[in-house]
Amino acid sequence: TKNSYLKAKELTGFSHQDMAAVLSVSTKTLESKRGRDKLSDTASERLLKLAEVAASGIHVFGSVELFREWLRRPLRPIGGKRPVDLMVNMYGLEV
């Protein structure tokens, strides 16, 4: 739902555009949704995976702030890319 989207957006600190890219929808689609409006199956699946990644990341790093920093930090093991940059597809969400 749009409410779940807003919670994930707040938790990750992602911009509206980042969330649209991760969920594979347009920003207009997200803007048109209301509180309990459902997202597409694909967007819902990606949102669920993002929530799992966030829960794991917060557990590992011990705080939301450290998890958010990690999402935006270029990492050598993934070719100098930021984890957030890889999340635009399901493979990236799995990594």
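Please read all numbers here as calculations on a predicted model, not as lab measurements.

Procedures and definitions
- Residues numbered from 1 in each chain as written.
- Predicted model: local features only at pLDDT ≥ 70, side-chain atom pairs only at ≥ 80, totals over all residues.
- Heavy atoms only, no water.
- Helix = DSSP H or I, 4+ residues; strand = E, 2+ residues; numbered from the N terminus.
- Rg over C-alpha atoms; globule rule 2.2 N^0.38 Å.
- Buried < 20%, exposed > 50% of the residue type's maximum accessible area, 1.4 Å probe, protein only.
- Core = buried A, V, L, I, M, F, W, Y, C linked by side-chain atoms within 4.5 Å.
- Contact = heavy atoms within 4.5 Å.
- Axes fitted to C-alpha atoms, helices over the stretch in contact; angles between N-to-C directions.
- Left-handed = near helix turned anticlockwise from the far one by under 90°.
- Phe/Tyr/Trp six-rings, centres within 6.5 Å; stacked < 30°, edge-to-face > 60°.
- pLDDT = per-residue confidence, 0-100.

Broken down by element type, the protein chain carries seven helices and zero strands. Ordered by position in the sequence, the α and β elements of the protein chain form the string α-α-α-α-α-α-α. The C-alpha radius of gyration computed for the protein chain amounts to 13 Å, which stays within 12% of the reference 12 Å derived for 95 residues, consistent with globular compactness. Dimensions of the protein chain, computed from C-alpha atoms along their principal axes, come out at roughly 40 × 25 × 20 Å.

Relative to the helices and strands, Leu66 resides in helix H5 (residues 64-72). Judged by relative accessible area, which is 40%, Leu66 ranks as partly exposed. Between the C-alpha atom of Leu66 and that of Glu45, which follows or precedes it by 21 residues, the distance is 25 Å.

Let's shift gears to the nonpolar core. Counting 19 residues, the largest nonpolar core has Phe14, Met19 and Leu23 as the members making the most contacts within it. Those elements that place two or more of their residues in this core are helix H1 (2-12), helix H2 (16-23), helix H4 (41-61) and H5. Ignoring sequence-local partners within four residues, the contact set of Met19 consists of Tyr5, Ala8, Lys9, Thr12, Phe14, Leu30, Leu47 and Leu50.

At a minimum axis distance of 10 Å, the contact between H1 and H2 shows a crossing angle of 115°. Like other packed secondary-structure pairs, H1 and H2 cross with a definite hand, here right-handed. The residues of H2 that touch H1, namely those facing Tyr5, Ala8, Lys9 and Thr12, are His16, Met19 and Leu23.

So, on to the packing of aromatic side chains. In total, this model carries two aromatic pairs according to the counting rule given. Considering the side-chain rings of Phe61 and Trp70, the 5.6 Å spacing of their centres and the 35° angle between planes classify their relative orientation as tilted. The exposure class assigned to Trp70 is partly exposed, which follows from its relative accessible area of 24%. Pairing Phe67 with Trp70 gives two aromatic rings, centres 6.2 Å apart and planes at 25°, and the pair type is stacked. Of this pair, Phe67 and Trp70 both sit in helix H5, three residues apart, which is roughly one turn of the helix. Linked through ring pairs, Phe61, Phe67 and Trp70 together constitute an aromatic cluster.

A few words now on the confidence of the model for the protein chain. Atomic detail in the predicted coordinates should be set aside for any region of low pLDDT. With 93% of its residues at a pLDDT of 70 or more, the protein chain shows a mean pLDDT of 89. Considering each helix and strand of the protein chain separately, the mean pLDDT is smallest for helix H7 (residues 90-94), with a value of 61, and largest for H5, with 94.

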